[in-house]
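Listed below are the residues making up each chain.
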Amino acid sequence: MTATQPSPTTASLESQRSGRADRQGPIEAVPLRHPGRWIAAILVLLVFIGSAASILQNPNLDLPTVGEYLFKPLTLNGVIITVWLTAASMIAGVFGGIVVAVMRLSPNPVLSVAAMLFIWVFRGTPLLLQLIFWGFIGAFIPKIVVGIPFTSVEFWSFETSQLIPATVAALLALGLNEMAYAAEIVRAGIQSVDQGQTEAAHSLGMSPAKTLRRIVLPQAMRVIIPPMGNETITMLKSTSLVAIVAGDDLMSNIREAYTQNYKIIPLLIVAAIWYLALTSILSIPQMWLERRYGRGFTGARTTIGSRVSTLTQSITMPARSSKKESAS
Amino acid sequence: MTAVVPQAAPAAATPHQPMVEAIEVHKRFGSLEVLNGVTMSVERGQVVCLLGPSGSGKSTLLRCINHLEKVDAGMIRVAGETVGYREKNGRLSELREKEVATQRRKVGMVFQRFNLFPHMTALENVMEAPTQVARRSNADARREAIDLLGQVGLADKAETYPAQLSGGQQQRVAIARALAMSPEVMLFDEPTSALDPELVGDVLDVMRALAENGMTMIVVTHEIGFAREVADVAVFMDGGVVVEQGDPRQVLMHPAEERTRSFLSKVL
């Protein structure tokens, strides 16, 4: 072993090693080429340019009509109703969802089974079906009576069709449906919070309700907000189904217009522009909320968080350790 | 057989009232009997260290004192009050959740995994219970919280979130948080077991200072040195019963029971 001559390979390795030791300072190397990526990028660009050109040259596009309808009162009123309907059903959905989620987690079997049944029905049937059902509720229950059951005592009675016009029916359908989904999201959020948090709060003398409100829900929000953002965007688009029961939302109004003038494609483009604009705007409050409830969780926001923060820095945000917020 | 020797015998006819008293406490999880008739008492101002192998029921006993677990048989009294129940005409009725919460204010608890509220700064963690539970004004609570953070050596970390603190710092914030409610007893559930070795000393120093100030403390720990040095009473538990208790020098240096001896030979 001691007598063996150094083989050529070890000698060359040694010379390499010494050569590497000599090289110091920044590395100047030939970068690796990616010809496949370049070819793919050029192909995509060609397809894009080609389809854009053919769309823009298509006489059926009718850009003047798009421009004409984009800010028409008919469209704008529809946008307002769509936004209002989305906001109202999301608010109802979220707060109702918290209640259903807490019921679902209750040790009382009646409450938890009731919550499960509710979720089962409203999550398990199509939203379109629920919309039509509420729209025609008058056919099912013609009269709503408040009184003592099994007697003829009536305190108050009303025609269902008068009590529930199309907009209320839409709100009921969207809100109840959203409640079922939100309940499951909130439940997942509550269950994601470590049991030790509840114990710590209890050991400090906090009541169960206060523990939920001050300790568990704020931490659950971190898990709840991203899927709720999705839900809000889905809801914004689902409001278009209201057109079936003749609401006054964006899609209903657009549909009404194109059934009269047959300019279907330009009007659909008008609607698409508005839906895209609204969903884009919605991502701003989501980013803000994620930031607000992400406080204190540094490790969990490495990749997406840093990307979000570069975006949100241009929109002025309250400072991370804002004392006013903590005082409220 | 070896009852805890009270510091001073009751001179007058006034009934002697320990700070914490456990009488024949039983607790089972399913078929597993975790506490099998534990009787012990802790005097006001005493430091009691609970030692024993894992699964011996030390932590469960601690959690029963705070009513985080319900006892199945026997009873626990804190400052003369039955934990979790109301005694009326010889019958027990369960306390309402609000009343349990009120009882717990007398007992501070420090957890192995700290359990700080991650969405609040160190200062907000300490202020949370005084402002939300004791309804003290923000300014008062803030002043006291800053003072408490100073006592545990973390005055400069008031605005820091738990995730940015070391384990030892988090545990000291947790101690300050428990102290903020001015508890009469402090329970420590393996407070240094989740810490890197070099961080243990800071936490033990804070606990030592608390003991010197006369705080009643029940400490579940594997730190034999701390027990020997700080505890007034060492309690060795195994298999859900108290095997041996008494002066820590006696129990830890010259144990009478074989089970204690074999446990100590493993940890020392």
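The structure we're discussing is the one just above.
Residues numbered from 1 in each chain as written. Chains lettered and ligands numbered in written order. Predicted model: local features only at pLDDT ≥ 70, side-chain atom pairs only at ≥ 80, totals over all residues. Heavy atoms only, no water.

Caption draft 1: Quick look at the overall build of chain A. Across its full length, chain A holds 15 helices and 2 strands. Of all 328 residues assigned to chain A, the portion counted as buried reaches 34%. Long-range pairs, those at least 24 residues apart, make up 69% of the contacts in chain A with a sequence separation of at least 6. Per element, the accessible surface of chain A, about 20,400 Å² overall, is 67% carbon and sulfur. (Helix = DSSP H or I, 4+ residues; strand = E, 2+ residues; numbered from the N terminus. Buried < 20%, exposed > 50% of the residue type's maximum accessible area, 1.4 Å probe, protein only. Contact = heavy atoms within 4.5 Å. Areas by Shrake-Rupley, 256 points an atom, 1.4 Å probe, with all protein chains shown as cover.)

Caption draft 2: Representation of the interface of chain B and chain A in the model. Chain B puts 31 residues into the contact, and the matching count from chain A is 27 residues. Counting the surface lost from both chain B and chain A, the interface buries some 2,500 Å², and carbon and sulfur atoms represent 56% of this. Interface area lost by chain B to chain A is led by Phe117(B), His119(B) and Tyr161(B), which between them contribute 22%. If you look at where chain B meets chain A, you find 2 salt bridges. Arg63(B) serves as the salt-bridge partner of Glu199(A), at 2.7 Å between the closest nitrogen and oxygen. For the pair chain B and chain A, the number of links is 6 residue pairs in polar contact (both at pLDDT 80 or more). Among the secondary structure elements, those contributing two or more residues to the side of chain B that touches chain A are α2 (97–104), β8 (107–110), α3 (122–132) and α5 (167–179) of chain B. Among the residues forming the side of chain B that touches chain A, the class breakdown is 15 nonpolar, 6 polar and 10 charged. (Buried area = accessible area lost by both parts, 1.4 Å probe. Salt bridge = Lys/Arg side-chain N within 4 Å of Asp/Glu carboxyl O. Polar contact = N/O pair within 3.5 Å; in protein donor to acceptor, adjacent residues only side chain to side chain. Nonpolar A, V, L, I, M, F, W, Y, C, P; charged D, E, K, R; others polar.)

Caption draft 3: Focus on the side chain of Glu128(B). In this structure, Glu128(B) sits in helix α3. Separated by 2.7 Å, the side chains of Glu128(B) and Arg214(A) make a polar contact.

Caption draft 4: Expanded view of the sheet that holds strand β11 (residues 233–238) of chain B. Residues and elements named next belong to chain B. Within the open sheet, the 6 strands sit side by side as β8-β9-β10-β3-β11-β12. Their pairing is mixed. Only two strands of the sheet have a single partner each, and these edge strands are β8 and β12 (241–246). Taking each pair of neighbouring strands and ignoring which way they run, the sheet shows an average axis angle of 20°. As defined by bridge partners, β8 adjoins strand β9 (residues 185–189) across 4 bridges and the pair is classed as parallel. (Pairing = 2+ DSSP bridges. Axes fitted to C-alpha atoms, helices over the stretch in contact; angles between N-to-C directions.)

Caption draft 5: Representation of the pattern of salt bridges in the model. Taken as a whole and assessed by the stated rule, the structure comprises 23 salt bridges over all chains. Here Arg143(B) makes a salt bridge to Asp140(B), at a shortest N to O gap of 3.3 Å. Within this pair, Arg143(B) and its partner Asp140(B) are both found in helix α4 (residues 138–151), separated by 3 residues, close to a single helical turn. Looking at Arg143(B), the relative accessible area reads 54%, which means it is exposed. The exposure class assigned to Asp140(B) is partly exposed, which follows from its relative accessible area of 30%. Glu258(B) serves as the salt-bridge partner of Arg261(B), at 3.5 Å between the closest nitrogen and oxygen. Highlighted residues: Arg261(B) and Glu258(B), both in helix α9 (residues 258–267), separated by 3 residues, approximately one helical turn. The exposure class assigned to Glu258(B) is exposed, which follows from its relative accessible area of 52%. Look at the salt bridges and you will find they share partners, linking Arg104(A), Arg123(A), Glu184(A) and Arg187(A) into a network.

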